[in-house]
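# Notes for the structure review
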Amino acid sequence: MRTARRPAPTGRRTSEASASRVALPRRAPLSAPHPDPVLDVVVPVHNEENDLESCVRRLHAHLTGTFPYPFRITVADNASTDRTPRIAERLARELPGTQWLRLAEKGRGRALHTAWSLSPAPVLAYLDVDLSTDLAALLPLVAPLISGHSDIAIGTRLARGSRVVRGPKREIISRCYNGLLRGTLAVGFSDAQCGFKAVRRDVAERLLPVVEDREWFFDTELLVIAERAGLRIHEVPVDWVDDPDSRVDILSTALADLRGVARLGRALTRGRLPLAALRRAETLDEAAGLPPALVPQLLRFAAVGTACTLLHLVLFGVLRPAAGAQAANALALLAGAVANTAANRRLTFGVRGRDGALRHHLKGLVAFLAGLVLTGGSLAVLHRAAPGAGSRAELLTLVTANLAATLLRFLLLRAWVFPGHRSRRTTGSSAS
């Protein structure tokens, strides 16, 4: 048994220290044969005297019979007050390659952070003690990390090919939570909270000092930061059966997750996370030597443009009676231009923080002037050709002119306003 040492402090000092490091080296497969444990599977537990022994024995038998490398199982006991520590100690004596870790404070994220920080294994994983996830997915989970294909692997209950048995309440909560992450943090992975994940140790060494949460939001925070840094996330569809004896407090966990989303969103928006120090060397080489992927950018730009066009038309309709057609068009286009530049800066070109924001908006206003000339000129031509044209004709003219202005704006944003910026999703995740 090992008593956990105090984890390194988190916060600004840790972030600054991490930011000073060079990029992660290129991914490489692990050598074979490997004399030391290649995989360390952590089982975080708190008062799990009923499930612990059956879980660890079943996991040990599965790894012994199917895993081709040396392995280790670590029971991370976080502040249990029942018989869990005694059971863990006995299992560590009886089962080869099994150990247990005792933490004085409660928290699943704390248990994983500590156990992964102490482990020398090149691949680190964890699974929930209830074994809701079929262990047949364990080898497919860690294989991309052993081969050097991916940086992180997660089980997903929400992808095609997954087989899930659980009640409607938990199904709705899970889908709503992952939908919230996609809507607020624009994540690409499908299931943040499935208790079945693995990470390469070299990646964990960089990520763990940056992840602040020590409870249930730990998984989400780690994945979001990894994806924003361009690390490759592999998804494995799993067979999953809900544990009817789950003691998770859904309300308090949901509130904590919402606070975590808000905190992480602020940190990303203000550029406080050392993402450059988390990137792989090949990612930096690609970013420096290759142009951004055009199709994903076009799709996001089109979505932003559609929303801003609707805003423009609504504002034009509201302002037209009082200000006249030309003034209403100019004011509506100005408001849409500011919103368009801000949205494209973040969503289409993946630019974070305040650095360069004023310059980007000033250049965006130049693109706005080009759009104003196109749309204003189209209205002028319409009124000259048909002096009695009504509002429907004006709106149709504006829609047509906006299409041309949108294309021009995209070219200006890509080549002049945000040159060289690639979208985070072009190198973010890889899903099976």
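Here the structure is a predicted model, which is why all the values come from computation and not from measurement.

Thresholds applied
- Numbers given to residues run from 1 along each chain, matching the order in which its sequence is written.
- The predicted nature of this model means local features are confined to residues of pLDDT at least 70 and side-chain atom pairs, given and counted, to a pLDDT of 80 or more, with totals for whole chains, interfaces and linings taken over all residues.
- Values reported for side chains reflect all heavy atoms of the structure, with hydrogen atoms and water molecules removed beforehand.
- The term nonpolar core refers to a set of buried residues drawn from Ala, Val, Leu, Ile, Met, Phe, Trp, Tyr and Cys, joined through side-chain atoms within 4.5 Å.
- Accessible area is worked out with a 1.4 Å probe on protein chains only. A residue is then buried under 20% of its type maximum, exposed over 50%, and partly exposed in between.
- To qualify as a helix, a DSSP run of H or I must reach at least 4 residues; to qualify as a strand, a run of E must reach at least 2; elements of each kind are numbered from the N terminus.
- Contact definition: two residues touch when any of their heavy atoms are within 4.5 Å.
- Charge convention: Lys and Arg are scored as positive, Asp and Glu as negative, and His as well as the terminal groups of each chain are ignored.
- When a carboxyl oxygen of Asp or Glu lies within 4 Å of a side-chain nitrogen of Lys or Arg, that pair is called a salt bridge.
- Any pair of nitrogen or oxygen atoms within 3.5 Å is treated as a polar contact; in protein, a donor-acceptor pairing is required on top of that, and neighbouring residues in sequence qualify only through side-chain atoms on both sides.
- Lines fitted to C-alpha atoms define the axes here, with helix axes fitted over just the stretch in contact, and angles between the N-to-C directions of these axes take values from 0 to 180 degrees.
- Put simply, angles under 35 degrees are roughly parallel, angles over 145 are roughly antiparallel, angles from 65 to 115 are roughly perpendicular, and the rest are oblique.
- When the near helix sits turned anticlockwise from the far one by under a right angle, the crossing is termed left-handed; a clockwise turn instead gives a right-handed crossing.
- Here the nonpolar group is Ala, Val, Leu, Ile, Met, Phe, Trp, Tyr, Cys and Pro; Asp, Glu, Lys and Arg are the charged ones; every other residue, Gly included, is treated as polar.
- By definition, two strands form a pair when at least two bridges between them are found by DSSP.
- Residues are said to line a cavity or pocket when one of their atoms sits within 4 Å of a point; the points come from a 1 Å grid over protein atoms alone, cavities being sets where a 1.4 Å probe fits but cannot get out and pockets being open sets with protein on both sides within 12 Å along at least five of seven lines.
- Grid points are joined across faces, edges and corners, and a volume is the space filled by probe spheres set on the points.
- Exposure above 30% relative accessible area and the absence of a salt bridge qualify a residue for a patch, where like charges join within 9 Å and nonpolar side chains (Val, Leu, Ile, Met, Phe, Trp, Tyr) within 5 Å.
- Note on areas: Shrake-Rupley, 1.4 Å probe, and residue coverage restricted to the protein chains presented here.

Attention now moves to the nonpolar core. Judged by nonpolar contacts, the single largest core of 45 residues is most densely connected at Trp 116, Ile 152, Phe 189, Leu 207, Leu 222 and Ile 225. Secondary structure elements with two or more residues in this core: strand 4 (98-103), helix 4 (108-118), strand 5 (123-127), strand 6 (152-156), helix 6 (168-184), helix 7 (201-207), helix 8 (218-228) and helix 9 (250-269). In terms of residue count, helix 8 provides more of this core than any other element does, six residues in total. Ignoring anything within four residues of it in the chain, the contact list for Trp 116 reads Val 42, Leu 124, Ala 125, Tyr 126, Val 199, Leu 208, Phe 218 and Leu 222. Among the nonpolar cores identified, the runner-up in size contains 40 residues, and Cys 55, Val 56, Ile 73 and Ala 125 belong to it.

Its place among the elements puts Arg 300 in helix 11 (residues 294-323). Although Arg 300 is buried, it forms no salt bridge, and the closest oppositely charged side chain is Glu 227 at an N-O distance of 10 Å. A polar atom in the side chain of Arg 300 sits 3.2 Å from the backbone oxygen of Leu 347.

The subject of this paragraph is the packing of helix 13 (residues 357-385) against helix 14 (residues 391-417). Running from N to C, helix 13 and helix 14 point in directions that differ by 155 degrees, and their axes come no closer than 9 Å. Accordingly, the angle class assigned to the pair helix 13 and helix 14 is roughly antiparallel. Handedness of the helix 13/helix 14 crossing: right-handed. Residue composition of the contact of helix 13 with helix 14, grouped by class: 16 nonpolar, eight polar and three charged.

Before going further, it helps to spend a moment on the packing of helix 8 against helix 9. Packing of helix 8 against helix 9 brings their axes to within 11 Å, and their N-to-C directions diverge by 20 degrees. The angle between the axes of helix 8 and helix 9 places the two elements in the roughly parallel class. Here helix 8 and helix 9 pass one another in a crossing that is right-handed. Residues Glu 221, Val 224, Ile 225 and Arg 228 of helix 8 form the contact with helix 9, whose participating residues are Arg 263, Leu 264 and Leu 268. By residue class, the composition of the contact of helix 8 with helix 9 is four nonpolar, no polar and three charged.

Most of strand 9 (residues 233-237) is tucked away: four of the five residues are buried. Summarising the sheet, strand 6 and strand 9 pair through five bridges and their orientation is parallel. When the bridges of strand 9 are listed, Gly 155 appears paired with Val 236.

Moving on, we get to empty space enclosed by the protein. Summed over the entire model, instances satisfying the criterion amount to three cavities of 30 Å³ or more. Lining of the largest cavity is provided by 16 residues; of these, Leu 333, Ala 337, Asn 340, Asn 402 and Arg 409 occupy positions nearest its centre. Residue assignment for the lining of the largest cavity shows that the elements contributing at least two residues are helix 11, helix 12 (325-348), helix 13 and helix 14. Here the lining of the largest cavity takes five residues from helix 12, the largest share from any one element. In the lining of the largest cavity, the residues fall into seven nonpolar, eight polar and one charged.

Taken together, the side chains of Leu 334, Val 338, Leu 358, Leu 362 and Leu 365 define a hydrophobic patch exposed on the protein surface, amounting to about 440 Å² of accessible area. Listed by contribution, the elements that provide at least two residues to the nonpolar patch are helix 12 and helix 13. Per-element tally for the nonpolar patch: the top contributor is helix 13, with three residues. Structurally, the position occupied by Leu 358 is in helix 13.

Let us look at the pairing of strand 6. The two faces of the sheet receive side chains in turn, since in a regular strand these alternate between them. Taking burial as the measure, the five residues of strand 6 include five buried ones, the bulk of the element. Along strand 6, one buried face is formed by Ile 152, Ile 154 and Thr 156 and the opposite face, lined by Ala 153 and Gly 155, is buried too. In the sheet, strand 6 pairs with strand 8 (residues 196-200) via three bridges, with the strands oriented antiparallel. Directly across from Ile 152, in strand 8, lies its bridge partner Val 199.

Keep in mind that these numbers describe shape and distance, not what the molecule does.
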